[in-house]
Structure formats: C-alpha cells, structure tokens
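Residues per chain, in single letters:
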Amino acid sequence: MQLFSDSIGRKVVMAVTGLLMVLFVVGHLLGNLTIFAGENGINAYAARLHELGPVVWGTRVVMGVAVILHLVISIQITLENGAAKPIRYKETRQLKATFASRNMIWTGLIIGAFVTYHLLHFTFRTTPGVLLGTDAEGRFDVFGMVVDAFRGLNVAVVVYVVAMISLFLHLSHGIQSTFQSLGLSNSALLPKYGAGGKWLSALFLVGYGSIPVLIFLGLLSH
C-alpha cells in the first residue's frame with residue numbers, strides 16, 4: 001500500500017517521526033544511565049515506571065506507530081529511488097554523500113530489528129536465559145538481569161554493540177536531514193545541524209554502548 005504519495009507529506013512524516021524517536025532515545029538513555037547508581041538506582045527507576053503503567057504503555061503505542069510509519073515510508077522511498085534512478089549518480093553527487101547517508105535504509109532496518117529484540121529481551125523477558133529475580137526491597141531486579149545478560153562475550157553483547165553503532169550512523173545523518181525536511185534549515189544552519197547531529201549521536205553511542213561494554217569488562221557488576 002502506498003503511504004503518503006505526496007513527496008512533501010512523506011518528508012514531513014519522516015521528519016516528525018524521526019524527531020519523536022530522537023526524543024525517546026534521549027529519555028531512554030537518561031533512564032538507562034541509572035544503572036551506574038547501582039542496584040537501587042535502576043531498580044527504583046524501573047519500579048517507578050511500573051507505577052506509571054498507562055503512561056508508559058501509551059508512550060510505547062505512540063512510538064510503535066512512529067517506528068512503523070518511519071520504516072515503511074523509508075522502504076517505499078528507497079524502492080522508488082532505485083526504480084527511478086538505475087543510472088549511477090554523478091561523481092559530484094557521490095562526493096557529497098557519506099557512508100551514513102548512503103546506508104540509512106540498512107542502519108534503519110538494523111535498528112528496527114534491534115528494537116524487537118530489545119523488547120523481547122528486557123521488556124517482555126521472553127528470550128532464553130533471562131535472569132528473573134527480586135532485590136532486597138522486593139522490586140524486580142533489573143540490575144541483576146542486565147548485568148547477567150552482558151556478562152561474558154555472548155550474542156546480547158554483540159547485538160547491542162552493533163545496534164548502537166548503527167544508531168550512531170543513522171542519527172549522525174538523520175538529525176540534520178530532519179531539520180532540512182521540516183524547512184528549518186539553510187546554508188548557514190545546515191553545517192551546524194550536521195555537527196550537532198554527530199555530537200549527539202556520539203553521545204548516544206558512548207552512553208548506551210558503555211553499559212554492555214563495561215559489564216563485559218567486569219567494571220560494572222554486583
């Protein structure tokens with residue numbers, strides 16, 4: 001099914017859904033970083049989220065719709081571009097393109113697959129070997145579950161690191177593209193958006209990636 005056949009409409013939807021996802025990534029990172037406060041930090045945070053059940057599930061529904069729209073329109077645009085431009089781009093166009101911009105569809109698909117895995121892993125806790133328990137306060141032991149998941153070299157560590165690198169690449173181009181699609185950019189602002197997007201993407205890479213890496217190295221444990 002053709003979604004938003006109007007080119008401008010699709011760009012706006014892509015930009016808005018992309019911005020929503022960036023805001024979610026910021027909030028989610030702030031929550032994840034409570035793991036550095038130890039068992040009480042992240043377990044208290046998770047318990048608080050559980051108390052806000054309707055708000056949390058409402059956010060998940062909105063973000064789920066945003067991810068689906070973003071992904072479907074991305075695939076649609078990619079297929080249309082491939083059909084309309086079978087001839088290679090001119091050399092000048094290729095020189096301006098970056099690895100991140102040329103592979104947006106692939107990094108996006110990796111992120112989409114990761115979100116599914118992440119939900120099954122830490123939200124629904126249905127993946128094999130997930131450690132389920134409670135802490136001394138009777139709260140679900142999120143800290144123990146996360147530490148156990150990333151202890152030693154395993155599939156989870158590899159999946160999360162690859163996903164965070166993909167997120168870095170995707171957003172390093174996507175943030176700049178979002179402002180451009182919304183008409184909030186010009187020749188002076190575009191380089192600034194580009195630089196800001198790269199810095200923010202690097203922050204996400206370090207913030208999210210540090211958790212599995214530090215646990216794997218034994219620097220974050222019980």
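Cut-offs applied
Residues numbered from 1 in each chain as written. Predicted model: local features only at pLDDT ≥ 70, side-chain atom pairs only at ≥ 80, totals over all residues. Heavy atoms only, no water. Helix = DSSP H or I, 4+ residues; strand = E, 2+ residues; numbered from the N terminus. Expected span 1.5 Å × (residues − 1). Bend = angle between axes of the 7 residues up to and from the residue. Polar contact = N/O pair within 3.5 Å; in protein donor to acceptor, adjacent residues only side chain to side chain. Salt bridge = Lys/Arg side-chain N within 4 Å of Asp/Glu carboxyl O. Buried < 20%, exposed > 50% of the residue type's maximum accessible area, 1.4 Å probe, protein only. pLDDT = per-residue confidence, 0-100. Contact = heavy atoms within 4.5 Å. Patch = residues over 30% accessible without salt bridge, like charges linked within 9 Å, V, L, I, M, F, W, Y side chains within 5 Å. Areas by Shrake-Rupley, 256 points an atom, 1.4 Å probe, with all protein chains shown as cover. Core = buried A, V, L, I, M, F, W, Y, C linked by side-chain atoms within 4.5 Å. Phe/Tyr/Trp six-rings, centres within 6.5 Å; stacked < 30°, edge-to-face > 60°. Lys NZ or Arg CZ within 6 Å of the ring centre and 35° of its normal.

A. Representation of helix H8 (residues 155-181) in the model. Counted at 1.5 Å a residue, the expected span for H8 with its 27 residues is 39 Å, and the 37 Å between its end C-alpha atoms agrees. Remark: the principal bend of H8, roughly 30 degrees, maps to Leu171. With a side-chain oxygen positioned 3.0 Å from the backbone nitrogen of Ala156, the residue opening H8 is Asn154. At the C-terminal side of H8, Gly183 shows a positive phi close to 75 degrees.

B. The arrangement of the pattern of salt bridges in detail. Applying the stated criterion across every chain, the model contains four salt bridges. One salt bridge connects Arg10 with Glu80, and the closest N-O pair in it is separated by 2.9 Å. Placement of the pair is Arg10 in helix H1 (residues 7-32) and Glu80 in helix H3 (residues 53-84), with a sequence separation of 70 residues. The class for Arg10 is buried, based on a relative accessible area of 8%. Between Arg48 and Glu51 there is a salt bridge whose closest N-O contact spans 3.0 Å. Of the two residues, Arg48 and Glu51 both sit in helix H2 (residues 39-51), three residues apart, roughly one turn of that helix. Taking relative accessible area as the criterion, Arg48 reaches 48% and is therefore assigned partly exposed.

C. How the structure looks around the confidence of the model for the chain. Averaged over the chain, the pLDDT score is 90; the fraction of residues at 70 or greater is 91%. Here residues 88-95 is a poorly scored stretch, pLDDT under 50, and it has three contacts once near neighbours within four places are set aside; other chains count.

D. Layout of a nonpolar patch on the surface. A grouping of Ile8, Val12, Val16, Leu19, Leu20, Leu23, Val62, Leu182 and Leu184 is seen on the molecular surface, where their side chains present a nonpolar patch of about 730 Å² in accessible area. In terms of residues, the nonpolar patch owes the most to one element, H1, which gives six residues. Within the fold, Leu20 resides in helix H1. The exposure class of Leu20 is partly exposed, given its relative accessible area of 34%.

E. Main features of the nonpolar core. Ranked by internal contacts, the top residues of the largest apolar core, which has 29 residues, are Ile35, Val146, Phe150, Leu167 and Ile215. Broken down by secondary-structure element, the contributors of at least two residues to this core are H1, helix H6 (104-123), helix H7 (142-150), H8 and helix H9 (189-216). Among the elements that make up this core, the one with the highest residue count is H8 (eight residues). The contact partners of Ile215, leaving out residues within four places of it in the chain, are Ile35, Val146, Val147, Phe150, Arg151 and Leu220.

F. Inspection of the environment of Leu52 at higher detail. Relative to the helices and strands, Leu52 resides in the loop between H2 and H3. Along the sequence, Leu52 and Phe36 sit 16 residues apart, while their C-alpha atoms lie 23 Å from each other.

G. Representation of the packing of aromatic side chains within the structure. The tally for this structure, following the rule as stated, stands at seven aromatic pairs. Each ring, one from Trp57 and one from Phe124, has its centre 6.3 Å from the other, and the planes form 40 degrees; the classification is tilted. Taken together, the positions of Trp57 in helix H3 and Phe124 in the loop between H6 and H7 put the pair 67 residues apart, joining distant regions of the chain. Residue Trp57 is classed as partly exposed on the basis of its relative accessible area, which comes to 45%. Here the aromatic residues Phe114, Tyr117, Phe122, Phe150 and Tyr160 are joined through ring pairs into a cluster of three or more. The ring of Trp57 has Arg60 sitting right over it, with the charged end atom 4.6 Å from the ring centre. Above the face of the Phe140 ring, Arg125 is positioned so that its terminal group lies 3.7 Å from the ring centre.

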